[in-house]
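# Notes for the structure review
The residues making up each chain are set out below.
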Amino acid sequence: MTWKPNRILKAILIWTMLTMLITWLPLVRGAMDGNSYQWGNSFWGMQLGGSGVGGDYWLLIVQAVLGLAVLYFGWRGARPPFHWLLLLWHVPLAVQAFYEAFTHPEDYRFQGDTLGVDVSLAWVGPLFFGGFALLALFWVVRDLKKNREKVSIEWTRTNRILFVIVLGLLPIQFVLLRFGEQHGPRDQAGVILTMLQWLLINLALFPWSNGETARKDV
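In this report, the structure presented in the accompanying data block is examined. (Residues numbered from 1 in each chain as written. Predicted model: local features only at pLDDT ≥ 70, side-chain atom pairs only at ≥ 80, totals over all residues. Heavy atoms only, no water.)

This brings us to the side chain of Q173. For Q173, the position within the fold is in helix α5 (residues 157-179). Among the residues examined, Q173 registers a relative accessible area of 0% and is labelled buried. Separated by 2.7 Å, the side chains of Q173 and Q197 make a polar contact. The residues contacting Q173, other than those within four sequence positions of it, are V28, M32, R178, L193, T194 and Q197. (Helix = DSSP H or I, 4+ residues; strand = E, 2+ residues; numbered from the N terminus. Buried < 20%, exposed > 50% of the residue type's maximum accessible area, 1.4 Å probe, protein only. Polar contact = N/O pair within 3.5 Å; in protein donor to acceptor, adjacent residues only side chain to side chain. Contact = heavy atoms within 4.5 Å.)

What follows covers the pattern of salt bridges. Within this structure, the stated rule accounts for two salt bridges. Linking D33 and R29 is a salt bridge whose minimum nitrogen-to-oxygen distance equals 3.4 Å. With D33 and R29 both in helix α1 (residues 7-33) and four residues apart, the pair spans about one turn of that helix. Judged by relative accessible area, which is 4%, D33 ranks as buried. (Salt bridge = Lys/Arg side-chain N within 4 Å of Asp/Glu carboxyl O.)

Attention now moves to the nonpolar core. Formed by 51 residues in total, the largest nonpolar core has its most connected members in L9, W24, L71, F82, L86, W139 and W198. Those elements that provide at least two residues to this core are α1, α2 (57-75), α3 (82-103), α4 (124-146), α5 and α6 (185-205). It is α1 that provides the largest number of residues to this core, a total of twelve residues. (Core = buried A, V, L, I, M, F, W, Y, C linked by side-chain atoms within 4.5 Å.)

What follows concerns the packing of α1 against α4. Where α1 contacts α4, the axes come no closer than 10 Å and their chain directions differ by 135°. When the axes of α1 and α4 are compared, the pair comes out oblique. Regarding α1 and α4, the two cross each other, and that crossing is left-handed. Of the residues in α4, those in contact with I8, L9, A11, I12, W15 and T19 of α1 are F128, F129, F132, L135, A136, F138, W139 and R142. Here the contact of α1 with α4 is composed, by residue class, of twelve nonpolar, one polar and one charged. (Axes fitted to C-alpha atoms, helices over the stretch in contact; angles between N-to-C directions. Parallel < 35°, antiparallel > 145°, perpendicular 65-115°, else oblique. Left-handed = near helix turned anticlockwise from the far one by under 90°. Nonpolar A, V, L, I, M, F, W, Y, C, P; charged D, E, K, R; others polar.)

Moving on to the side chain of K4. Within the secondary structure, K4 sits in strand β1 (residues 2-4). Using a relative accessible area of 10% as the deciding quantity, one classes K4 as buried. There is a polar contact of 2.4 Å between the side chain of K4 and the backbone oxygen of P207.

Moving on, we get to the environment of G34. The residue G34 is located in the loop between α1 and β2 (38-43) in this model. Considering only alpha carbons, one finds G34 and L177, 143 residues apart in sequence, at a separation of 8.9 Å. For G34, the residues in contact, after removing those within four places along its chain, are R29, G52 and R178.

Turning next to the packing of aromatic side chains. Summed over the entire model, instances satisfying the criterion amount to twelve aromatic pairs. With a centroid separation of 6.1 Å and an interplanar angle of 85°, the aromatic rings of F174 and F179 are classed as edge-to-face. Assessed through its relative accessible area of 33%, F174 is described here as partly exposed. Of the aromatic side chains, those joined through ring pairs into one cluster are W15, F128, F129 and F132. (Phe/Tyr/Trp six-rings, centres within 6.5 Å; stacked < 30°, edge-to-face > 60°.)

Bringing the packing of α1 against α2 into the picture now. Put simply, α1 and α2 touch, their axes get as near as 9 Å, and they point 150° apart. Considered as vectors, α1 and α2 are oriented roughly antiparallel to each other. In the packing of α1 onto α2, the handedness of the crossing is left-handed. Residue composition of the contact of α1 with α2, by class: 17 nonpolar, six polar and one charged.

Set out below in structure tokens:
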């Protein structure tokens, strides 16, 4: 019998995947674009950023390791230390969202120059980040009380194929991002491909069934 995440956990993991995009995009672009790519972010009032792999790039690596660990353990059985990693990811994001919304509402925005994205987060930020932090806390408390049996999640043929596709995208991404004109069509294609790659990574971690009956935790 194959384990599957229930609807609440699946929603939390999908939201986690979306929040990781703000880390995955500059992480990949900094490595592939080189110094022509500049990124920046605000964390509890501190301005972070850099060019290429310089500046505060090491923080992106730390965030990526934590985020990947959350998603790996979450999709692959949600066993400890997943519960504490999940809260470690979502609670600081919620605190930051409220801090930015109350102290600098006009500057609290999600911006992507390459795709021309500029969205205010002053209202939706606290709503979504805070809401999912509470949902994550609810799931953690309820799941720890259940004392679930230990399950072994197998890597299926679908998982392996998806990982091969993820790796196969790397040289295409490198060509588009490194040699494309800044904010030009190739650069935009590289960004969209990087977002698709991030989706594929999560699909590759998903516990696909291998012709067995799936069991969802309730």
